[in-house]
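# Observations on the model geometry
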Amino acid sequence: MNNINVNFQYFDGRRFHNVKSSKYLLPNDKQECDRLLLQHLMWQNSWNGNFSAPVKNILANKGSKVLDVGCGPGVWTLDMATNFPEVHFTGVDFAPIQPNENNPENVTFIQTNALEGLPFEDNTFDYVFQRFLNVGYPRDKWVFIINELVRVLKPGGYLEMMEDDIEPGNMGIMTNKLVTAMIDDLESNGLDTKICYKLQKNLEQNKMLKNICCEQRIIDSNTTDIGNMHITNCIEQFQGFKIKISKLQNIIDNEFDKILDAVYEEFIEFNSFTLTKRAYAQKIEEI
Ligand SMILES: C[S@@+](CC[C@H](N)C(=O)[O-])C[C@H]1O[C@@H](n2cnc3c(N)ncnc32)[C@H](O)[C@@H]1O
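Everything in this summary refers to the structure shown in the same document. (Residues numbered from 1 in each chain as written. Predicted model: local features only at pLDDT ≥ 70, side-chain atom pairs only at ≥ 80, totals over all residues. Heavy atoms only, no water.)

## Some remarks on the packing of helix 7 (residues 226-240) against helix 9 (residues 253-269)
At a minimum axis distance of 10 Å, the contact between helix 7 and helix 9 shows a crossing angle of 155°. By the criterion of interaxial angle, the relationship of helix 7 to helix 9 is roughly antiparallel. The hand of the helix 7/helix 9 crossing is right-handed. Residue-level inspection shows Asn-228, His-230, Ile-231, Cys-234, Ile-235, Phe-238 and Gln-239 of helix 7 in contact with helix 9, the latter providing Phe-256, Asp-257, Leu-260, Val-263, Tyr-264, Phe-267 and Ile-268. For the contact of helix 7 with helix 9, the per-class residue count stands at ten nonpolar, three polar and one charged. (Axes fitted to C-alpha atoms, helices over the stretch in contact; angles between N-to-C directions. Helix = DSSP H or I, 4+ residues; strand = E, 2+ residues; numbered from the N terminus. Parallel < 35°, antiparallel > 145°, perpendicular 65-115°, else oblique. Left-handed = near helix turned anticlockwise from the far one by under 90°. Contact = heavy atoms within 4.5 Å. Nonpolar A, V, L, I, M, F, W, Y, C, P; charged D, E, K, R; others polar.)

What follows is the structure, encoded as structure tokens:
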């Protein structure tokens, strides 16, 4: 460790959260926030929008309330808040990495650890959204989290979750080696790297939900326009795991960068792809 303060720890020039109880491994510095913006734009293009749940009526209603859990730098929250100025958006994250200047008036950011429960009353929000927490929550906490998301959702409101499979499809040899090391480490830390395939089942266990749907999209590396964004996003994500993987595999600094150059070439050669799932459901009216 190079440095520590209340909110952050610094390792080898990258900034990380400082929440002792969390296994979340990705950095949260400018480089990572830039990646999250790129990732937001890429999936927005692929999915043809920021959400899949049938929430157009909710978003057209003045005074509706939307919650984004694990909002990161708030790329989804801020984009949505700009597009739906009559709706109030709340973004929560345990890392204080959201912009605090020039935000739209209909946005509030709150620093909180979702694993300790959400700091909201029951039935508060019309629409609850959560995305890319597969490397944030331990495997055995997903049901707790979903029950929390449903608790703060109003009857008739919608919950939507989106996750990716962090193991790309069609991998070359170097990519396979790197991804296997990364996944082994994440799984041994109690995280569920395949949670995207279990979203629907996890929603089904909550008896307050109905009309459960699940959809998927894939971006491959040769897709026009966004193929390059996809490769850059994956390489940047691997960069985020660099310190951990290098240590585990005894890889020295510039060797890791050479591996990433080879991975870049393999993504093009094998047309490697990433899969995402969006699962959404409606909360039943009170019994
Ligand atoms: C991969 S980023 C995704 C950010 C955002 N959802 C997006 O799509 O751009 C995951 C975020 O979850 C946050 N996070 C991880 N574990 C958390 C927890 N237990 N409570 C609150 N936030 C958490 C991290 O700080 C990080 O900002």
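The discussion continues.
## A few points about the packing of aromatic side chains
Any two aromatic rings considered together are summarised by their centre-to-centre distance and by the angle between their planes. One pass over the structure, following the stated rule, counts eleven aromatic pairs. Taken together, the ring pairs in this structure connect Phe-51, Trp-76, Phe-84, Phe-89, Tyr-127 and Phe-129 into an aromatic cluster. Here Arg-15 stacks its cationic end above the ring of Phe-8, 3.9 Å away from the centre of that ring. Lys-141 extends its terminal NZ or CZ atom over the ring of Phe-144, reaching a point 5.5 Å from the ring centre. (Phe/Tyr/Trp six-rings, centres within 6.5 Å; stacked < 30°, edge-to-face > 60°. Lys NZ or Arg CZ within 6 Å of the ring centre and 35° of its normal.)

## A look at the pairing of strand 5 (residues 88-93)
The side chains of a regular strand alternate between the sheet's two faces. Strand 5 sits mainly inside the fold: five of its six residues count as buried. Summarising the sheet, strand 4 (residues 65-69) and strand 5 pair through five bridges and their orientation is parallel. Following the sheet pairing, Asp-68 is matched in strand 5 by Gly-91. Crossover strand 4 to strand 5 through helix 3 (residues 75-83) is right-handed. (Buried < 20%, exposed > 50% of the residue type's maximum accessible area, 1.4 Å probe, protein only. Pairing = 2+ DSSP bridges. Right-handed = clockwise from strand over helix to strand, strands pointing away.)

## Comments concerning the site of the ligand
Around the ligand there are 18 residues in total, and Gly-70, Asp-93, Asn-113, Ala-114 and Arg-131 lie nearest to it. Measuring from a nitrogen atom of the ligand, one finds a side-chain N or O atom of Asn-113 at 2.8 Å. At a separation of 2.8 Å, an oxygen atom of the ligand approaches a polar side-chain atom of Arg-131. The protein chains hide 98% of the 600 Å² of surface that the ligand would expose on its own. When grouped by side-chain class, the residues that make up the shell around the ligand number twelve nonpolar, four polar and two charged. (Near = heavy atom within 4 Å. Polar contact = N/O pair within 3.5 Å; in protein donor to acceptor, adjacent residues only side chain to side chain. Areas by Shrake-Rupley, 256 points an atom, 1.4 Å probe, with all protein chains shown as cover.)

## A word on helix 3
For helix 3, a buried count of seven out of nine residues is recorded, marking the element as mostly surrounded by other parts of the structure. Of the residues making up helix 3, those classed as buried are Val-75, Trp-76, Thr-77, Leu-78, Asp-79, Met-80 and Ala-81. As for helix 3, its buried residues are in contact with helix 1 (30-47), helix 2 (56-60), strand 4, strand 5, strand 6 (107-111) and strand 7 (125-131).

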